[in-house]
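# Structural characterization, general
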Amino acid sequence: MVAIILIIIVVLIVAWYISAYNGLIRTRTHVEESWSQIDVQLKRRNDLIPNLVSTTKGYANYEQATLKKVVELRNQLTAVPADDHQQTMEVSNQLSTTLRSLFALSENYPDLKANTQFTQLMEELTNTENKIAYSRQLYNTSVANLTMKIHSFPSNVVANIHHFKASEYLQVPEEEKTAPKVNFDDFGQDK
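Definitions and cut-offs
Residues numbered from 1 in each chain as written. Predicted model: local features only at pLDDT ≥ 70, side-chain atom pairs only at ≥ 80, totals over all residues. Heavy atoms only, no water. Axes fitted to C-alpha atoms, helices over the stretch in contact; angles between N-to-C directions. Helix = DSSP H or I, 4+ residues; strand = E, 2+ residues; numbered from the N terminus. Parallel < 35°, antiparallel > 145°, perpendicular 65-115°, else oblique. Left-handed = near helix turned anticlockwise from the far one by under 90°. Contact = heavy atoms within 4.5 Å. Nonpolar A, V, L, I, M, F, W, Y, C, P; charged D, E, K, R; others polar. Core = buried A, V, L, I, M, F, W, Y, C linked by side-chain atoms within 4.5 Å. Buried < 20%, exposed > 50% of the residue type's maximum accessible area, 1.4 Å probe, protein only. Patch = residues over 30% accessible without salt bridge, like charges linked within 9 Å, V, L, I, M, F, W, Y side chains within 5 Å. Areas by Shrake-Rupley, 256 points an atom, 1.4 Å probe, with all protein chains shown as cover. Salt bridge = Lys/Arg side-chain N within 4 Å of Asp/Glu carboxyl O. Phe/Tyr/Trp six-rings, centres within 6.5 Å; stacked < 30°, edge-to-face > 60°.

### Things to note about the packing of helix α3 (residues 85-105) against helix α5 (residues 116-151)
Helix packing geometry: the angle between the two helix axes and the distance between the axes. Direction vectors running N to C along α3 and α5 enclose 150 degrees, while the axes themselves pass 12 Å from each other. It follows from the interaxial angle that α3 and α5 lie roughly antiparallel. Between α3 and α5 lies a crossing whose hand is left-handed. Contacts from H85, M89, N93, S96, L99 and F103 in α3 reach M122, L125, T126, E129, R136 and Y139 in α5. Split into classes, the residues belonging to the contact of α3 with α5 amount to 6 nonpolar, 4 polar and 2 charged.

See below:
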């Protein structure tokens, strides 16, 4: 009878261990898959940029510095090693900021703003930027789930034995954390 109870206890411990290990593997795979989603959206954006630049070039001859910066950042982003997530996101954030300034330039060029191809490219890039933001949220959520499993008892025992490491969260750049300043004194005044 004691032998049967010991066998049942050993079987339960082995089953729990296998379940905890597989849970850690599944969660780590979710982190990798969510990074892959970011990568896909960054590639999509990089593929759209040459079309946007060539469409804009004809209209905004005076804004060549902005266009050059977009191309440089795109090239820089493609050169970042695939496993350097922080560097990838730093360059991506710079590119997003530069693209926003390119979109703002269209306000100075009514013919460009009226161009159907430019409008469609802007819409595609805006949608892609939204997908990148969502993918970043998904990635950070996946990292949080993995981190909780790695640090929570009893799964932390299995995580330590198999050397599971927590991934880094993607950080929001400091310039995006500050709230924009709005001056209401300029609104509603009769001129």
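### Considerations on the nonpolar core
Core analysis: the biggest nonpolar cluster contains 36 residues, and I38, L52, V70, L95, L99, L102 and Y139 have the highest contact counts within it. When residues of this core are traced back to their parent elements, those giving at least two are α1 (2-57), α2 (64-79), α3, α5 and α6 (155-161). In terms of residues, this core owes the most to one element, α1, which gives 10 residues.

### Digging into a nonpolar patch on the surface
Residues M1, V2, I4, I5, L6, I8, I9, L12 and I13 make up a contiguous nonpolar surface patch of about 950 Å² in total accessible area. For V2, the position within the fold is in helix α1.

### Focus: the packing of aromatic side chains
Inspection of the entire model under this criterion finds 3 aromatic pairs. Pairing Y21 with F164 gives two aromatic rings, centres 6.0 Å apart and planes at 75 degrees, and the pair type is edge-to-face. With a gap of 143 residues between them, Y21 in helix α1 and F164 in the loop between α6 and α7 (174-177) connect regions that are remote in the sequence. Judged by its relative accessible area of 7%, F164 falls in the buried class. Measuring from centroid to centroid gives 5.6 Å for W35 and Y139, while their planes differ by 70 degrees, and the two rings are edge-to-face. Placement of W35 in helix α1 and of Y139 in helix α5 is noted, with a sequence separation of 104 residues between them. The two residues W35 and Y139 agree in class, both being buried.

### Focus on the pattern of salt bridges
Enumeration over the complete set of coordinates arrives at 3 salt bridges. For D47, the salt bridge identified is with K43, shortest N-O distance 2.9 Å. Remark: K43 and D47 occur in helix α1; sequence separation between them is 4 residues, near one turn of the helix. Between E129 and R45 there is a salt bridge, and its shortest N-O distance comes to 2.7 Å. Of the two residues, E129 is situated in helix α5 and R45 in helix α1; the sequence distance between them amounts to 84 residues.

### Examining the environment of V70
Tracing the backbone shows V70 in helix α2. Relative accessible area serves as the criterion here: at 0%, V70 is assigned to the buried category. Each C-alpha atom, one on V70 and one on L99, is 6.9 Å from the other, the two residues being 29 residues apart in sequence. Ignoring any residue separated from it by four or fewer positions in sequence, one finds V70 in contact with I49, V53, L95, T98, L99 and L102.

### Points about the packing of α1 against α5
In the contact formed by α1 and α5, the axes pass within 8 Å of each other and the chain directions differ by 165 degrees. Overall, the two elements α1 and α5 adopt an arrangement that is roughly antiparallel. Considering the relative orientation of α1 and α5, their crossing is left-handed. Along the lines of polarity and charge, the residues of the contact of α1 with α5 split into 16 nonpolar, 14 polar and 8 charged.

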